[in-house]
Amino acid sequence: MVRIRVLVVDDHRIFAESLAAALAAEPDVEVAAAGSGPAALRCLERAAAEGRRYDVILVDAELGILATAAGRTVPGPVPVPAPRSGEHAPVDGISLVAGVRAGQPSVRTVVLAEKDDPRRAALALQAGASGWVAKDCSLQRLLAVIRGVLRDETHLPPALLTGVLRELTAARKHRTESEQLVESLTPREREVLRCMVAGLGRKAVAERLYLSPHTVRTHMQNVLGKLGVHSTLAAVALARRAGVGPAELSGDVVERGGQLA
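Not measured: the values here are computed from a predicted model. (Residues numbered from 1 in each chain as written. Predicted model: local features only at pLDDT ≥ 70, side-chain atom pairs only at ≥ 80, totals over all residues. Heavy atoms only, no water.)

## Quick notes on the confidence of the model for the protein
- On average, the protein scores 80 in pLDDT, and the residues at 70 or more come to 82%.
- Here residues 66-89 is a poorly scored stretch, pLDDT under 50, and it has 40 contacts once near neighbours within four places are set aside; other chains count.
- This model gives residues 251-261 a pLDDT under 50, and the stretch forms 16 contacts once residues within four places in sequence are excluded. (pLDDT = per-residue confidence, 0-100. Contact = heavy atoms within 4.5 Å.)

## Considering the packing of aromatic side chains
- Under the definition given, this model contains zero aromatic pairs.
- Arg 5 extends its terminal NZ or CZ atom over the ring of Tyr 54, reaching a point 4.4 Å from the ring centre.
- Between Lys 135 and the ring centre of Phe 15, over which it is positioned, the NZ or CZ distance is 4.5 Å. (Phe/Tyr/Trp six-rings, centres within 6.5 Å; stacked < 30°, edge-to-face > 60°. Lys NZ or Arg CZ within 6 Å of the ring centre and 35° of its normal.)

## Regarding helix H5 (residues 139-149)
- Leu 142, Leu 143, Val 145, Ile 146, Gly 148 and Val 149 are the residues of H5 that are buried.
- Residues of H5 that are buried make contact with strand E1 (4-9), helix H1 (13-24), strand E2 (29-34), strand E3 (56-60), strand E6 (108-113) and strand E7 (131-134). (Buried < 20%, exposed > 50% of the residue type's maximum accessible area, 1.4 Å probe, protein only. Helix = DSSP H or I, 4+ residues; strand = E, 2+ residues; numbered from the N terminus.)

## Side note on the pattern of salt bridges
- Inspection of the entire model under this criterion finds 11 salt bridges.
- In this structure, Lys 135 and Asp 10 form a salt bridge, with 2.8 Å as the shortest nitrogen-oxygen distance. Placement of the pair is Lys 135 in the loop between E7 and H5 and Asp 10 in the loop between E1 and H1, with a sequence separation of 125 residues.
- Note that Glu 17 is salt-bridged to Arg 13, the shortest N-O span being 3.3 Å. On the criterion of helical spacing, the pair formed by Glu 17 and Arg 13 is a turn pair, its members being four residues apart in helix H1.
- The network of salt bridges with common partners includes Arg 3, Arg 5, Glu 30 and Arg 52. (Salt bridge = Lys/Arg side-chain N within 4 Å of Asp/Glu carboxyl O.)

## Things to note about the nonpolar core
- Counting residues in hydrophobic clusters, the biggest one holds 33 residues, and the most contacted among them are Leu 7, Val 9, Ile 57, Leu 96 and Trp 132.
- For this core, the secondary-structure elements that each account for two or more residues are E1, helix H2 (37-49), E3, helix H3 (93-103), E6, helix H4 (118-127) and helix H6 (158-183).
- Membership of the second largest hydrophobic core comes to 24 residues, among which are Leu 185, Val 192, Met 196 and Leu 209. (Core = buried A, V, L, I, M, F, W, Y, C linked by side-chain atoms within 4.5 Å.)

If you want it as structure tokens, here you go:
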């Protein structure tokens, strides 16, 4: 018998363990539970190393929603790499979905939610989720979804469908507009924007791109003007919508004395 390997991820441990026990009663299901995003990532990494990858992950929609890092709520969705040994950075549910999609694309994710939320459901689908299921659904319904996503089906409650389609259409429109604005930047301005997305300040950008702080300030002002925003935070949000990633901080990406300045 081919067994389906399922990982339940929920920071309410009683719920996670109860659901895992109920699923484990099925003869073709092998299940484990994790109480946080980082714990789930460690489980995934360990299973992959052992050649026993999970097939489906059930992720709490509110996972880590109250966790804080550097005094702020952790946003999502952002692709999340598996943490290094000893790291315990908080990971919210949508970010976990995105991280799994990026690191182990063969694994299907289903989001478990206490309430219908078209916006978060749309974010989950954009992050790579294959389904959104109410926590108060029947066990048989959940099993049907688990087996369905393994056949590459996408599962949404009918009541959410219209709202999710509206959210996805709006997001696509905003992304297209954002992409057009980013395309108006010069190559150097796009490099500066990527540094801004990486969280670098003016001095750090200047050192990284071998420019004077005054030149970087001019580039940043040009970026804000062309993007039609008034703050670095707004520029970073627009860049994220357009799919602009952060500058790689592990090594130099611009040659000294390059032609782009």
